[in-house]
Amino acid sequence: MKNPRDILKRPVVTEKSMSLLADNKYTFIVDPRANKVEIKKAVEELFKVKVEKVNTMRVKGKAKRVRNIVGRRPDVKKAIVTLRKGDKIELFEGV
């Protein structure tokens, strides 16, 4: 199994992801090669919680331009993890 810290890259802290906390859903940027089972095991191992469901999506990088040079931000994979009722991740509580 891969290292859980390699699978979960960072949490997503936006208005939309913070509004999902009311439904016990947490959003992470994950490794693009990770599947739902690996993401579930990584969250359960790192945060000692029980995961009910994992939804994933691939987000295309936006085109950015600086003067005449056109570049792109990298593509990322996001995972929205639904936890069992009563469980929570303390990492998001202080935000």
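Residues numbered from 1 in each chain as written. Predicted model: local features only at pLDDT ≥ 70, side-chain atom pairs only at ≥ 80, totals over all residues. Heavy atoms only, no water.

(A) Fine view of the environment of Pro74. Relative to the elements of secondary structure, Pro74 occurs in the loop between strand S5 (69-72) and strand S6 (76-83). Judged by its relative accessible area of 64%, Pro74 is exposed. (Helix = DSSP H or I, 4+ residues; strand = E, 2+ residues; numbered from the N terminus. Buried < 20%, exposed > 50% of the residue type's maximum accessible area, 1.4 Å probe, protein only.)

(B) Examining the nonpolar core more closely. Among the nonpolar cores identified, the biggest contains 16 residues, and Leu8, Phe28, Ile39, Val43, Val81 and Leu83 are the most heavily contacted of them. Going through the elements one at a time, strand S2 (25-30), helix H3 (36-47), strand S3 (51-59) and S6 are the ones with two or more residues in this core. Among all residues touching Leu8, those that are not within four sequence positions of it are Phe28, Ile29, Val30, Ile39, Ala42, Val43, Leu46 and Phe47. (Core = buried A, V, L, I, M, F, W, Y, C linked by side-chain atoms within 4.5 Å. Contact = heavy atoms within 4.5 Å.)

(C) View of the sheet that holds S3. Read across the open sheet, the four strands follow the order S1-S2-S6-S3; overall the sheet is antiparallel. A single partner strand is all that each edge strand has here, and the edge strands are strand S1 (8-11) and S3. The mean angle between the axes of side-by-side strands here comes to 30°, regardless of whether they run parallel or antiparallel. When S2 meets S6, the two strands line up antiparallel, connected through six bridges. Bridge assignment links Tyr26 to a residue of S6, and that residue is Val81. Each of S1, S2, S3 and S6 is contacted by H3, which is oriented at about 120° to S3, the strand it contacts most. (Pairing = 2+ DSSP bridges. Axes fitted to C-alpha atoms, helices over the stretch in contact; angles between N-to-C directions.)

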